[in-house]
Amino acid sequence: MKVTFKIQKFNPENDTKPYMKEYTVATHPNAAVLDCLNDIRWHQDETLSFRRSCGHAICGSCAMNVNGKNGLACQTLIKDLKQGVITVRPLPSFPIIKDLVVDLDKFYAKFSKVIPYLNNDGPVPEKERIQLPEQQKIIEESTTCILCASCTSSCPSFWADDDYLGPAALVKAFRYVFDTRDTTAEKRLKMVNDKNGVFRCHTIFNCNEACPKDINITGHIAELKLALVTTKM
Amino acid sequence: MNTKLVTGDSGVKRWFYQRLTGIFLAVLLIVHFAVMHFTGTGETNYQIVEARLASPLWKTFDLAFLAFALYHGMAGLWVVIDDYVHRDGWRLLIYSAAVLAAVLFFTLGAVTIITFRPHIVWFPPKV
């Protein structure tokens, strides 16, 4: 089958603003959008730039906006998309470096603000730190985040004000706040207790729609809000 | 993290009270609808409202309704301004206008409810 792609191109050295370019690819319904992008880059336009690495929906590199919806290009199959021209754009509201490659520096900077690693001030145990299965279950969903930025880039609150921490950082905050082996929950809660923290979330649920790992992001942020109301700090 | 002028607070209280007033509003609205539309004759006229407003209980009910609705609405408006107005000067101006409007609306509503006395004939028939 032949599929037509309309891909947003932008080279800051030559172009003043992004434009759309059409490509036609011979492909298979079971192929992913990433396969088609590879095909275009290898056989039609070697200037087409995009990030990709594993191709198996675990590295989070190829997040982009396909037919208006954020997601991983490697996970989006041609047969699941509406018939007709497939529109591919970079993740919205991030600065574009080239074509489909966006600048994620600020995104990572915000991510590191929530202290995204395990902290424990207690004495080091002889073996491992024990966590019960039911305690693990609370954080299990949030641990599956692959940091692809699909959620943050789909969030209207983030579009309106990019000082907002964003859903990705908040999910990571949740993951460590509710980890029983971690002792710095209060520090993280104080960090997200800000008008640019959890309270910028107005439960729009775009992040849930975009998440390639189906994490209930809005639900996790709501848990953080509740924790802030019920915890005395 | 940067905290801008006027809203130095995190918003945790505003978020919580907006939920709380939301629940109260839902309850008050159900009572209001039941009383206005599903009980009695189904007719609403001056005499019926007058009879109701003669009771301090209904005055309290209406005052609570007014206060919760204004708080709920203003908390929502506050967040919208927070999201879309990024310049401190504009923020201050719009917040001030919102607060002023809220005070004005509350005063107007409260004065109407509290000072309402039945059997006042505003336009006495000409003799």
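The preceding data block contains the structure.
A short tour of the structure in this document, coming up. All figures in this text were calculated on a predicted structure; none of them were measured in a lab. Each chain carries its own residue numbering, running from 1 in the written order of its sequence. Written order determines the labels here, with chains lettered from A and ligands numbered from 1. Per-residue local features are limited, in this predicted model, to residues with pLDDT of at least 70; the limit for side-chain atom pairs, both in listing and counting, is 80 or more; totals at the level of whole chains, interfaces and linings are taken over all residues. As a convention, hydrogens and water are excluded, and side-chain values are obtained from all of the structure's heavy atoms.

## A word on the packing of aromatic side chains
The line we're drawing: Classification of ring pairs rests on two measures: the distance between centres of Phe, Tyr or Trp rings, Trp counted by its six-membered ring, which must be within 6.5 Å, and the angle between planes, read as stacked under 30 degrees, edge-to-face over 60 and tilted in between. Only DSSP runs of H or I reaching four residues or more are called helices, and only runs of E reaching two or more are called strands; each is numbered from the N terminus. Burial classification: accessible surface area is computed with a 1.4 Å probe over protein chains only, and a residue below 20% of its type maximum counts as buried, one above 50% as exposed, and the rest as partly exposed. Only when the NZ atom of a Lys or the CZ atom of an Arg is both within 6 Å of the ring centre and within 35 degrees of the ring normal do we say a charge sits over the ring.
Following the criterion strictly, the structure yields eleven aromatic pairs over all chains and no others. On the basis of an interplanar angle of 55° and a centroid distance of 6.0 Å, the ring pair of Phe199 of chain A and Trp15 of chain B is categorised as tilted. Taken together, the residues Phe199 of chain A in the loop between helix 7 (185–192) and helix 8 (206–210) and Trp15 of chain B in helix 1 (residues 12–38) connect one chain to another. What makes Phe199 of chain A buried here is its relative accessible area of 9%. Taking relative accessible area as the criterion, Trp15 of chain B reaches 15% and is therefore assigned buried. Taking 6.5 Å as the distance between ring centres and 85° as the angle between the ring planes, the aromatic pair formed by Tyr17 of chain B and Tyr71 of chain B counts as edge-to-face. Residue Tyr17 of chain B is located in helix 1, and its partner Tyr71 of chain B is located in helix 3 (residues 56–84); the two are separated by 54 residues in the primary sequence. With a relative accessible area of 33%, Tyr71 of chain B lands in the partly exposed category. Taken together, Phe94, Phe107, Tyr108 and Phe158 of chain A form an aromatic cluster joined through their ring pairs. In this arrangement the basic side chain of Arg175 of chain A is found over the ring face of Tyr176 of chain A, its NZ or CZ atom lying 4.2 Å from the centre. Across the ring face of Trp58 of chain B, the terminal group of Arg52 of chain B is positioned such that the distance to the ring centre comes to 5.1 Å.

## Things to note about the nonpolar core
Using the following cut-off: Side-chain atoms within 4.5 Å are what join buried Ala, Val, Leu, Ile, Met, Phe, Trp, Tyr and Cys residues into a set we call a nonpolar core. Contact criterion: two residues are considered in contact whenever any of their non-hydrogen atoms come within 4.5 Å of each other.
Phe5, Ile7, Val33, Leu37, Met64 and Val192 of chain A are the most contacted members of the largest nonpolar core, which has 63 residues in total. Among the elements that make up this core, the one with the highest residue count is helix 6 (residues 167–177) of chain A (seven residues). If sequence neighbours within four positions are ignored, Leu37 of chain A has contacts with Ile7, Leu48, Phe50, Met64, Ala73 and Leu100 of chain A. If you look at the next biggest cluster of nonpolar residues, it comprises six residues, including Leu53, Leu66, Leu70 and Phe116 of chain B.

## A word on empty space enclosed by the protein
Residue and element names in this part refer to chain A. Which entries qualify depends on this criterion: Within this scheme a cavity is a closed region of a 1 Å grid, computed over the protein atoms alone, that accommodates a 1.4 Å probe without allowing it to escape, whereas a pocket is open but has protein on both sides within 12 Å along at least five of seven lines; lining residues each have an atom within 4 Å of a point. Grid points are joined across faces, edges and corners, and a volume is the space filled by probe spheres set on the points.
All chains considered together, the criterion is met by two cavities of 30 Å³ or more. Its boundaries defined by the atoms lining it, the largest cavity holds a volume of some 110 Å³. Those elements that provide at least two residues to the lining of the largest cavity are helix 4 (150–154) and helix 6. Considering the residues around the second largest cavity, the lining is formed by 14 residues, among which Cys155, Cys201, Ile204, Phe205 and Cys207 are closest to the centre.

## Focus on the interface of chain A and chain B
The test is simple: Salt-bridge detection follows one rule: a side-chain nitrogen of Lys or Arg within 4 Å of a carboxyl oxygen of Asp or Glu. Two N or O atoms count as a polar contact when they lie within 3.5 Å, although within protein this holds only if one can serve as hydrogen donor and the other as acceptor, and sequence-adjacent residues are included solely when both atoms are side-chain atoms. When residues are grouped by polarity, Ala, Val, Leu, Ile, Met, Phe, Trp, Tyr, Cys and Pro land in nonpolar, Asp, Glu, Lys and Arg in charged, and all others, Gly among them, in polar.
Across the boundary between the two partners, chain A contributes 18 residues, which contact 17 residues of chain B. For the pair chain A and chain B, the interface holds three salt bridges. A salt bridge links Arg200 of chain A to Asp83 of chain B; the nearest nitrogen and oxygen atoms lie 2.8 Å apart. Remark: the boundary between chain A and chain B carries four residue pairs in polar contact (both at pLDDT 80 or more). Mapped by element, the contributors of at least two residues to the side of chain A that touches chain B are helix 5 (156–160) and helix 9 (217–230) of chain A. A per-class count over the side of chain A that touches chain B returns seven nonpolar, four polar and seven charged.

## So, the side chain of Asp194 of chain A
Residues and elements named next belong to chain A. This is how the line gets drawn: Under the counting rule used here, the positive set is Lys and Arg, the negative set is Asp and Glu, and His together with the chain ends is not counted.
Checked against the element boundaries, Asp194 lands in the loop between helix 7 and helix 8. No salt bridge forms around the buried Asp194; measuring N to O, its nearest opposite-charge neighbour Lys195 is 6.1 Å away. Within the structure, Asp194 has its side chain in polar contact with the backbone nitrogen of Asn196 (distance 2.6 Å).

## What to know about the pairing of strand 3 (residues 63–66) of chain A
All names here are of chain A. Under the convention used in this document: Note on pairing: DSSP must find at least two bridges between two strands before they are called paired.
Side-chain alternation along strand 3 places Ala63 and Asn65 on one buried face and Met64 and Val66 on a second face that is also buried. Hairpin connection from strand 3 to strand 4 (residues 69–72): two residues lie between these consecutive antiparallel strands, with Asn67 at a positive phi of about 50°. Relative to strand 5 (residues 86–89), strand 3 runs antiparallel, the two being bridged by two bridges. Residue Val66 lies in a different strand from strand 5, and its bridge partner there is Val88.

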